[in-house]
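# Architecture and fold: a report
Listed below, chain by chain, are the residues.
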Amino acid sequence: MTRLLNDFVGQDQALNLLRSAVANPVHAYVLYGPTGCGVVPASREFAASLVCEYGGCGECSDCVKAMRGIHPDVIVAMAEGPTYGVEYVKKSLGVWAMRQPLEAKRTVMVIPDADGMTAQVAGAFLKMIEEPVASTIFVLLATTLPKQHITIWSRCAEIPFRLLSVEEVAQVLVNDGVDQEQARILAEGAGGDVSRARLFADDPGFAERLAWWRSVPERLDGTGAMVVTLVEEIEAMLAAVVEPLTVAHAEEIEELKEQAQMMGERGLPGGEAISKRHKRELRRIQSRELEAGLGALAGVYRHRMHEAMGYGAATADEAMHRAAAVSDAITKLRLSLVRNPRQNLALERLLLSLA
Ligand SMILES: [Zn+2]
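Here the structure is a predicted model, which means the values were calculated and not measured. (Residues numbered from 1 in each chain as written. Predicted model: local features only at pLDDT ≥ 70, side-chain atom pairs only at ≥ 80, totals over all residues.)

## Here's the deal with the overall build of the protein chain
The secondary structure content of the protein chain amounts to 15 helices and 5 strands. Relative to the globule expectation of 20 Å for 355 residues, the C-alpha radius of gyration of the protein chain, 23 Å, shows essentially globular dimensions. Once the C-alpha set of the protein chain is aligned to its principal axes, its extents read approximately 70 × 45 × 40 Å. Split into buried and exposed, the 355 residues of the protein chain put 29% on the buried side. Pairs at least 24 apart in sequence give 72% of the contacts found in the protein chain among residues at least 6 apart. (Helix = DSSP H or I, 4+ residues; strand = E, 2+ residues; numbered from the N terminus. Rg over C-alpha atoms; globule rule 2.2 N^0.38 Å. Buried ≥ 20, exposed ≤ 12 C-beta atoms within 10 Å, placed from the backbone. Contact = placed C-beta atoms within 7 Å.)

## A word on the domain arrangement of the protein chain
Domain assignment breaks the protein chain into domain 1 (12-163), domain 2 (165-202) and domain 3 (204-354). Just the C-alpha atoms count here: the centres of domain 1 and domain 2 sit 28 Å apart. Listed per partner, the contact involves 6 residues of domain 1 and 5 residues of domain 2. Residue composition of the side of domain 1 that touches domain 2, by class: 3 nonpolar, 3 polar and no charged. (Domains from an automatic or database assignment. Nonpolar A, V, L, I, M, F, W, Y, C, P; charged D, E, K, R; others polar.)

## Some remarks on the sheet that holds strand β2 (residues 74-76)
Two modes of strand pairing occur in sheets, parallel and antiparallel, and in both the strands are linked by backbone hydrogen bonds. An order of β2-β3-β4-β1-β5 is seen for the 5 strands of this open sheet, with the pairing classed as parallel. Strands with a single pairing partner mark the edges of an open sheet, and in this sheet they are β2 and β5 (157-160). Strand-to-strand twist of the sheet, defined as the mean angle between neighbouring strand axes without regard to direction, takes the value 20°. Sheet analysis places strand β1 (residues 28-32) next to strand β4 (residues 136-142), joined by 5 bridges and oriented parallel. Among the inter-strand pairings, Tyr29 is bridged to a residue of β4, identified as Val139. With respect to the sheet, helix α1 (residues 12-23) is in contact with β1 and β5, its orientation differing from that of β5 by roughly 145°. (Pairing = 2+ DSSP bridges. Axes fitted to C-alpha atoms, helices over the stretch in contact; angles between N-to-C directions.)

## Examining the environment of Ile274
By the element assignment, Ile274 lies in helix α13 (residues 271-308). Setting aside anything within four residues of it in sequence, one finds Ile274 in contact with Ile70 and Ile253.

## Here's the deal with unusual backbone geometry
Unusually for a residue other than glycine, Leu5 sits at a positive phi of about 60°. Locating Leu5 in the fold gives a position in the segment before α1. Despite not being glycine, Asp113 has its phi angle at roughly 55°, a positive value. Inspection of the secondary structure assignment puts Asp113 in the loop between β3 (107-111) and α5 (119-130).

## Description of helix α7 (residues 166-176)
Within α7, the full set of buried residues consists of Val169, Ala170, Val172 and Leu173. For α7, the angular spread of the buried residues around the axis is 155°, confining them to a single face. Turned more than 90 degrees away from the buried face of α7 sit Glu167 and Asn175, all of them exposed. Positive backbone phi, approximately 110°, marks Gly177, located one or two places after α7. (Arc of directions from axis to C-beta.)

## Some words on the nonpolar core
By size, the foremost hydrophobic cluster in this structure holds 66 residues, and its most contacted members are Leu31, Ala47, Met109, Val110, Val139, Leu140 and Leu173. Mapped onto the domain boundaries, this core takes at least three residues apiece from domain 1 (12-163) and domain 2 (165-202). Once you skip the residues sitting within four places of it in the chain, Met109 turns out to touch Ile75, Ala77, Leu93, Trp96, Ala97, Thr136, Phe138 and Val139. Among the nonpolar cores identified, the runner-up in size contains 6 residues, and Val227, Leu230, Leu347 and Leu350 belong to it. (Core = buried A, V, L, I, M, F, W, Y, C linked by C-beta atoms within 7 Å.)

## Concerning the pairing of β3
For β3, a buried count of 5 out of 5 residues is recorded, marking the element as mostly surrounded by other parts of the structure. By the alternation rule, side chains of β3 split into Thr107, Met109 and Ile111 and Val108 and Val110, which are all buried. Bridge count between β2 and β3: 3 bridges; the pairing is parallel. The residue of β3 that forms the bridge with Val76 is Val110. As paired elements, β3 and β4 share 5 bridges and run parallel to each other.

## Thoughts on the pairing of β1
The side chains of a regular strand alternate, first on one face of the sheet and then on the other. Burial analysis of β1 places 5 of its 5 residues in the buried class, the great majority of the element. With burial as the criterion, each face of β1 is covered, one bearing Ala28, Val30 and Tyr32 and the other bearing Tyr29 and Leu31. Alignment of β1 against β5, held across 4 bridges, turns out to be parallel. The partner of Tyr32 across the bridge, within β5, is Pro160.

## Regarding helix α3 (residues 61-68)
One turn of the α-helix equals 3.6 residues, which is why residues spaced by three or four share an orientation. Along α3, the residues classified as buried are Asp62, Cys63 and Ala66. Around the axis of α3, the buried residues are gathered within 95° of arc, so they sit on the same side. Looking at the buried residues of α3, the elements they touch are α2 (39-51) and β2. Following α3 by one or two positions, Gly69 has its phi on the positive side, about 80°.

Below, the structure written as structure tokens:
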């Protein structure tokens, strides 16, 4: 590994700010920018640099543990559902924030999705960062800085990240070893989101699965049996999508267990946190996959609408209503999936409404 906070395409300004912050940190930071522009991986390197004795060497045991998500003084907050619970903020985060660090000279509290907090949670959170412990540093992550939480942002040093261009996302992929032409195509499909583009790049079946989604309107024949078949196929697809990650997770656990054994520890310290992180990663990939698929599905109806524009007002009007209804139904489904883990029923309902 090389020195941390050096290697993020298009984010020189943010990196400069973060590097000087490591040298002389204040009490709280908010790193913000559009999804997939580098906020999350940069926050990991920032947290590691803050617990590293050498300011982010990338090689010492503090750096390695922090980058692997198993440093006892780097706490990454976990939302239970779509956002944090008040109890969790008060009882868990609050207690960790007051605690003295165990191994490093400071505790770093990373708070992802800080812009999604409810007013109540924000209140509890504010209390926590208003009563600072000298050795604790807060690192909030957000996509935007909504006004209703201004009291929180105003207590943080702001580190803005910019939206990457298609060329820059393509460059990231080329640096990963993807060939130029392929990188360009993937970057265009990813809309400035590096993590999404990487996901596509690692996944040769992605284009095929999008084609599957686009074929759904044609396959719908008005029967419930077809809807059931389609939902089964979606389920199988979602299971196949996470398979490589499941294998990678199993390998990671094996490796960590071996390391622990070599250090004379029994079992796997932090095992529960690791398995929670793995579950979260699987869920995130599946919901992204579903998002991309539903987006492709809505695209078919939008495309039909554009075509219908050429066939007189009545046809166009009907197609427009249809496209709007489909897009509404899909939006409703996306929202319901966030709250509701019974996604199969929701998918069946959606497909029935399209049939
Ligand atoms: Zn280090």
